[in-house]
Number of protein chains: 2
Amino acid sequence: MKKRPRSRSVLFLTSNRHKFAEAQTILKPFNIKLIQKPAKGIEIQSDSVEEVARVCAKDAYGRFCVPLLVEDSGLFIGALNGFPGAYSAAIYNQVGCEGILRLLAQERRRFARFVCALAYADSRGVRVFKGIVSGKIASKIHKGAGFGYDPIFIPKGHTKPFSAAPETKAKLSHRARAFKAFGRFLAKQAKHDTR
Amino acid sequence: MKKRPRSRSVLFLTSNRHKFAEAQTILKPFNIKLIQKPAKGIEIQSDSVEEVARVCAKDAYGRFCVPLLVEDSGLFIGALNGFPGAYSAAIYNQVGCEGILRLLAQERRRFARFVCALAYADSRGVRVFKGIVSGKIASKIHKGAGFGYDPIFIPKGHTKPFSAAPETKAKLSHRARAFKAFGRFLAKQAKHDTR
């Protein structure tokens, strides 16, 4: 008889409770138990969310020595040369969605994409899972569910922003895609380890 | 007879040739020979330019083991909650002075300040010299000399932005103030060391 893969515990380094709740929901089917750790540790300045997440996860693993996840996401707007990009969180706290709309006033090019880089560190090293969702910036703010830039981001092929369609977000967001890729990877690894 | 203090060589880690030229001019009277090194090394994400410069200098000294300087500057705009702040350089490349003016359209509160944090690392540790200049954001871009946000920053008590008054900038800019403080410190130390 084949052994049933054990449930795995993984630290998720984030102080953002919205992100943690989203990640928990996504990883439930993969038999992964997430534990929130609010300390994120070192974050480098880089225009690549992948590099930010990778360096942070490597540094954190050196300190905690348990399997852990670090996530870094950004909204990259074409007409603004990738702004707010890897500094999306900090910039959100300063100028918010209003600032983005003001910068794009009278701009017809509204293309944008959300990128999520999820770095998983364990004794084997660091592995990064990326999730990307393309779309456009709305002309006004649609309050509702979600957080961050959700009220102004409309995914490609849809008409409502993430804030007005939580089920769409749960299905195809950058974060959902990265976490699902990680979940599949860990499930495969667990299966392999129990053979 | 008292020995004349030797000229000191100090690495300045920056890839910005404008910053290097400004620093060279300011430090000339202090008998300090600056050597440009384009690799800046690790830069952390922090809303404090002081912390960014300090961590970077400490890390770089650990690698190069020679006296060195790391500078981090930012423009902090009151009405924008400190934006663009510690990410000023990256944000400049994305939205430029035009972006700042757009974010401040119809905003009467124009207060801003430039902050420069200059971290000096040697065998005794890291010391940070800060320079601050207060002022306001102009209503339009004044092209001229300088770089970065100089075309829109008018220092307090003046009517022209830094870009239109290079001699004013050389005298009272955040960078001039921080580098002069460093120059005085090193001159004093050199005098003490030759006693």
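Values in this document were obtained by computation on a predicted structure and should not be read as measured data.

**Student:** For the confidence of the model for chain A, give the residues involved together with the corresponding values.
**Tutor:** In the predicted model, chain A carries a mean pLDDT of 91, and the fraction of residues at 70 or more is 95%. If you check the scores for this complex, the pTM reads 0.84 and the ipTM reads 0.76.

**Student:** Go over the interface of chain B and chain A with me, naming the residues and quoting the values.
**Tutor:** Taken together, the 19 residues of chain B in the interface contact 19 residues of chain A. For the side of chain B that touches chain A, the class distribution of residues is 10 nonpolar, 6 polar and 3 charged.

**Student:** Talk me through helix α3 (residues 88-103) of chain B; I want residue IDs and the actual numbers.
**Tutor:** Between the first and last C-alpha of α3(B) there are merely 14 Å, a value that for 16 residues lags more than 12% behind the 22 Å anticipated at 1.5 Å per step. Residue B:V95 marks the point of greatest curvature in α3(B), where the axis turns by about 85°. Of the residues making up α3(B), those classed as buried are B:S88, B:I91, B:Q94, B:V95, B:C97, B:G99, B:I100 and B:L103. Buried positions along α3(B) lie against α3 (88-103) of chain A together with β3 (68-77), β4 (84-85) and β6 (125-137) of chain B.

**Student:** Residues and numbers for the relation of the copies chain B and chain A, please.
**Tutor:** The transformation that overlays chain B on chain A combines an axial shift of 0.0 Å with a rotation of 180°, and the residual RMSD is 0.0 Å. One copy is carried onto the other by what is essentially a two-fold rotation axis. No C-alpha of chain B approaches the rotation axis more nearly than that of B:I44, which lies at 1.9 Å. When the interface residues of chain B are mapped onto chain A, 100% of them again lie at the interface, so the same face is used by both copies.

**Student:** Please give an account of the environment of B:L172 that cites residues and values.
**Tutor:** Residues and elements named next belong to chain B. Residue placement: L172 occurs in helix α4 (residues 166-172). Between the alpha carbons of L172 and N16 there is a distance of 20 Å; along the sequence they are 156 residues apart. If sequence neighbours within four positions are ignored, L172 has contacts with V133 and P155.

**Student:** An account of the packing of helix α1 (residues 17-27) of chain A against helix α5 (residues 174-193) of chain A is requested, with residue identities and associated values reported.
**Tutor:** All names here are of chain A. Two elements in contact, α1 and α5, have axes separated by 9 Å at closest approach and are oriented at 45°. One way to sum up the angle between α1 and α5 is to call them oblique. Crossing angle aside, the handedness with which α1 passes α5 is right-handed. Contacts between α1 and α5 pair E22, A23, I26 and L27 from the former with R175, A176, F179, K180 and G183 from the latter. Within the contact of α1 with α5, the residues separate by chemical class into 5 nonpolar, 1 polar and 3 charged.

Thresholds applied
- Residues numbered from 1 in each chain as written.
- Chains lettered and ligands numbered in written order.
- Predicted model: local features only at pLDDT ≥ 70, side-chain atom pairs only at ≥ 80, totals over all residues.
- pLDDT = per-residue confidence, 0-100.
- Contact = placed C-beta atoms within 7 Å.
- Nonpolar A, V, L, I, M, F, W, Y, C, P; charged D, E, K, R; others polar.
- Helix = DSSP H or I, 4+ residues; strand = E, 2+ residues; numbered from the N terminus.
- Expected span 1.5 Å × (residues − 1).
- Bend = angle between axes of the 7 residues up to and from the residue.
- Buried ≥ 20, exposed ≤ 12 C-beta atoms within 10 Å, placed from the backbone.
- Least-squares fit on C-alpha atoms with pLDDT ≥ 70 in both.
- Axes fitted to C-alpha atoms, helices over the stretch in contact; angles between N-to-C directions.
- Parallel < 35°, antiparallel > 145°, perpendicular 65-115°, else oblique.
- Left-handed = near helix turned anticlockwise from the far one by under 90°.

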